[in-house]
Amino acid sequence: MASSPSVCELWEDNLLCPISPRQSAVISKLESIVRDANRMSVPASNLDSVDKSASFEQSCIPLESFLCLEKQSKLRTFADEPHFVSLENKLELCKRLSDITSQLLDYLLYLKKMYEFAISKTSYVHSTCGELLDQEKELVIVVEAIREQLSYFHELDNLSRKLSSPSILTLDESLIPALSRLNDCSNFFQAHSNYEESAYFLGRLKELEDNILVFIKNHVVDCIQKACKQALPATGENLSSGDNVFTLFYAKFQATSQRIKSLASVIEEKSLSHPEYMTYIEDCHEAFFRARETLIVPVLTAAIDEMVTQHGKSYCLLTKNTCQMLVHICKDEFTLYSQFFTKPSGLLIEFLESLCAQLYNTLRPIIIHINHLETLSELCCIVKQEVIEDFTITQGNELVPFGRTMGQLLEDVQERLVYRTNVYVQENIVHYSPAPGDLAYPEKLSMMESIAECVVSTQSPLTRSDSLSSITSTFSDISFHTRAEAFSESRMRVKSRSPADIHGMWYPTVRRTIMCLTKLYRSLDRPTFLGLAQDVVGACLKSLQNAAAGICKQKTPTDGYLFSIKHLLILREQIAPFKIECTVREVEIDFSKIQTAAFNLMTNSKDIFSLRSTNGFLHFLFEVPTAPQIIDHVFDPQKIVDSQIREACEKLISISVNDFLAPAIPYLELLRRCSKVSNNLCPPEPSSINQALTEMKENLMPAISSVKRAMSIYLANPDTENILFKPMKKSCITQLEELRRLILMTYDREKVLEIDLSKLNVIDILD
């Protein structure tokens, strides 16, 4: 059975607070007394009915027992009175203990209330302290923010003292951080313009910044000028163009580049956000380029003059070497500028253009006095391909000014080339006066033919391929593979019996024309070349017409036309690679009708006021059109050459056929007239026709052989000869058939039998 809790435990459980050792001893003593009293007075049955787990108040039940004992003691007489007295004493003691206990409970309740009050006060103090700590943190943050903003106000004086030191630019490496702090202060006051003194501080910071930037600018300019003075040679020392001089100018000048670049970058960065500072960096750039001009221009001028003297009339080599030197200088100047400054400048382009102008001003007077077409053409190729394309297009932007200057020089060379070409065409093609040997056809060709026959035993005969290879080796500037493959292959397959097409045997104007086109083709732009090529080809055609007319007078018309055909074929073949295919339209205003009408009016001036139908003024009004006529002339060199070839071939065929049928032609014309109804002419006698046919057949073979021989000498190409002979043969057969038909129509049967018509069968001779 579990023991019942003690009084002290019940006391502590109910009052929720510990008791002192003294209180515990007193309670234990009281508990033992009560336990003894219960054993003596309370029955066992009553003791068993007591709840062992009762509360402290229930533990005071023995007091009632004591009251019962008191009542019983009064009703009965105890034999032993001292024991009764002892019980009474104990009863009094219990009463006093009960009162003390009540007082203790009251005190304990008061202590509990005081404890709860203290707990509430402590919690309030704790919460109040937490709020105070939070307020303290907020105040610290506000104070820091105020202190940070106040630092911008205080920074002005610090920066003023720091930046006012004259040695800060050269000795203090904290200049750039100080300027950065000054910039931060300016940005702060601009962002907080609502502050009362923001405008004042902004003004002072701006003034301080201006002073510092001016100070930096002056320092940079001074450093550049000092570097220039250090690089200049001593007084009285002559400048030369040696490599050591250029190295000296660049090495000494860039000694202070790093320090200048760090300071100049400050101004460059400020100028990006504040355009008013752009003038400062421009002053630095001007000082830099002024110093470079002082150093480089005299040496460059001396170097160019030295090269001009050294190369003399070797204009191509002079142009190459001077351009290469200038390219190196432009690259070095661009690199040197990047070592001093970080941002690009328009003054750099102007400075490089001024250096290029030194070369341009030297070369242009030389170029505009060159008269030789080949030299001008070579200069065009050098400037366009080796200078502009190789240097400026394939390399960086530092050569853009050089490319523009060389472009102007190229235009000058091309303009001079066009001018000299026009002069050359007029002097050597249009107004060419042929020498007797130039018109010695076919003697020249016959002589070459005999020479070829002499060497045929030791060498292979000259062929068209030999001729073309000679042309290709002479005019190697043009690619001949652009001609039509069929035309070229047929020409290469057919062997010539004569060196008639060797370019040395060409008429001089044709040779000069091809040479001129060759030089122009690679030197000029396409539109300019086409326009000039048409003039050159037109002049060549006129010269060929004049030469053919001279040969016709000196020799025979056959020689003249074969000469034209030969050289026109050569010209067409040689201009094919140039692709002169454009058509030029020229507009001409025709005033001829107006001029004729005005002339008639002046001739009939007396009839101006006549009232008859012969009134001159009325005739003038009706004759004159409303406006001058506009005539379009279309020029296509290829078509013009083809038309002239066709015209020359037609005339050659006509003349050759007339030579073949010379005895019969008069009778053919007479019979044509007799066949007309309106004519009453008598036909010729059959005997005369027979005689003419006999002479024709006898002379036909020699005439054909003569023409074929001439074509062989001039054209030296069986294909071309066959092409020309076929229409001759066809025309002969056609005219003889017509003669046969006219004879049968004109004469009666008896006279027809007198004429030997079998002589008209000449097909076997023509074949």
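Please refer to the structure higher up on the page.
Because the structure is predicted, anything quoted here is derived from the model rather than measured. (Residues numbered from 1 in each chain as written. Predicted model: local features only at pLDDT ≥ 70, side-chain atom pairs only at ≥ 80, totals over all residues. Heavy atoms only, no water.)

Secondary structure assignment for the chain yields 28 helices and two strands. When each of the 767 residues of the chain is scored for burial, the buried share is 39%. A separation threshold of at least 6 residues defines the contact pool for the chain, and within that pool the share at least 24 residues apart is 79%. Accessible surface, the chain: about 43,400 Å² in total, of which carbon and sulfur atoms supply 56%. (Helix = DSSP H or I, 4+ residues; strand = E, 2+ residues; numbered from the N terminus. Buried < 20%, exposed > 50% of the residue type's maximum accessible area, 1.4 Å probe, protein only. Contact = heavy atoms within 4.5 Å. Areas by Shrake-Rupley, 256 points an atom, 1.4 Å probe, with all protein chains shown as cover.)

The next point concerns the environment of C516. Here C516 lies in helix α18 (residues 508-521). A relative accessible area of 1% places C516 in the buried class. Each residue touching C516, except ones within four places of it in the same chain, is listed here: L373, T421 and V536.

Right, let's talk about the packing of aromatic side chains for a bit. A ring pair, where both rings are aromatic, is described by two values, the distance of the centres and the angle of the planes. Following the criterion strictly, the structure yields 14 aromatic pairs and no others. Summarising the aromatic geometry, the rings of F288 and F340 are spaced 5.2 Å apart at their centres and angled 50 degrees between planes, so their arrangement reads as tilted. With F288 in helix α10 (residues 278-311) and F340 in helix α11 (residues 315-340), this pair connects stretches of sequence that are 52 residues apart. Residues F288 and F340 agree in their burial class; the two are buried. Pairwise contacts between aromatic rings join F253, F288, F289, Y337, F340, F341 and F351 into one cluster. A cation over an aromatic ring shows up here: R292 above the ring of F253, its NZ or CZ 4.8 Å from the ring centre. When the ring centre of F725 is taken as origin, the NZ or CZ atom of K708, which lies over that ring, is 4.4 Å away. (Phe/Tyr/Trp six-rings, centres within 6.5 Å; stacked < 30°, edge-to-face > 60°. Lys NZ or Arg CZ within 6 Å of the ring centre and 35° of its normal.)

A few words on a negative patch on the surface. On the surface, E685, D748, E750 and E754 cluster together to form a negatively charged patch. Tracing the backbone through its elements, the reader meets E685 in the loop between α24 (665-675) and α25 (686-715). For E685, a relative accessible area of 51% translates into the label exposed. (Patch = residues over 30% accessible without salt bridge, like charges linked within 9 Å, V, L, I, M, F, W, Y side chains within 5 Å. Salt bridge = Lys/Arg side-chain N within 4 Å of Asp/Glu carboxyl O. Lys, Arg positive; Asp, Glu negative; His and termini not counted. Charge placed at Lys NZ, Arg CZ, Asp CG, Glu CD.)

Of all hydrophobic cores here, the largest spans 150 residues; its most connected members are F253, F402 and F660. The element contributing the most residues to this core is α10, with 14 residues. If you look at the next biggest cluster of nonpolar residues, it comprises ten residues, including L156, L182, C185 and F188. (Core = buried A, V, L, I, M, F, W, Y, C linked by side-chain atoms within 4.5 Å.)

Turning our eyes to something else, we now look at the pattern of salt bridges. Per the stated rule, a full pass over the model turns up 14 salt bridges. The closest approach of N and O atoms between E374 and K519, which form a salt bridge, is 3.8 Å. Remark: K519 occurs in helix α18 and E374 occurs in helix α13 (residues 373-393); sequence separation between them is 145 residues. Accessibility expressed as a relative area gives 42% for E374, which makes it partly exposed. Classification of K519 by relative accessible area gives buried; the value is 12%. In this structure, the salt-bridge partner of R672 is E738, at a minimum N-O distance of 2.8 Å. Here R672, found in helix α24, pairs with E738, found in helix α26 (residues 718-746); they are 66 residues apart in sequence, far enough to count as distant. Overall, the relative accessible area of 25% leaves R672 in the partly exposed class. The exposure class assigned to E738 is partly exposed, which follows from its relative accessible area of 21%. Each of E669, R672 and E738 takes part in salt bridges that share partners, so that together they form one network.

Residues that lie three or four places apart on an α-helix share one face, since the helix turns once every 3.6 residues. If you check helix α20 (residues 557-575), its first and last C-alpha atoms are 27 Å apart, about what 19 residues at 1.5 Å a residue would give, namely 27 Å. Burial runs high along α20: 16 of the 19 residues are buried. (Expected span 1.5 Å × (residues − 1).)

Take unusual backbone geometry next. The omega torsion of the bond from Y441 to P442 falls at 5 degrees, within 30 degrees of zero and hence cis. On the secondary structure map, P442 appears in the loop between α14 (400-430) and α15 (443-454). Phi at A716 takes a positive value of approximately 55 degrees, unusual for a residue other than glycine. On the secondary structure map, A716 appears in the loop between α25 and α26. On the basis of relative accessible area, A716 is assigned to the buried category, the value being 3%.

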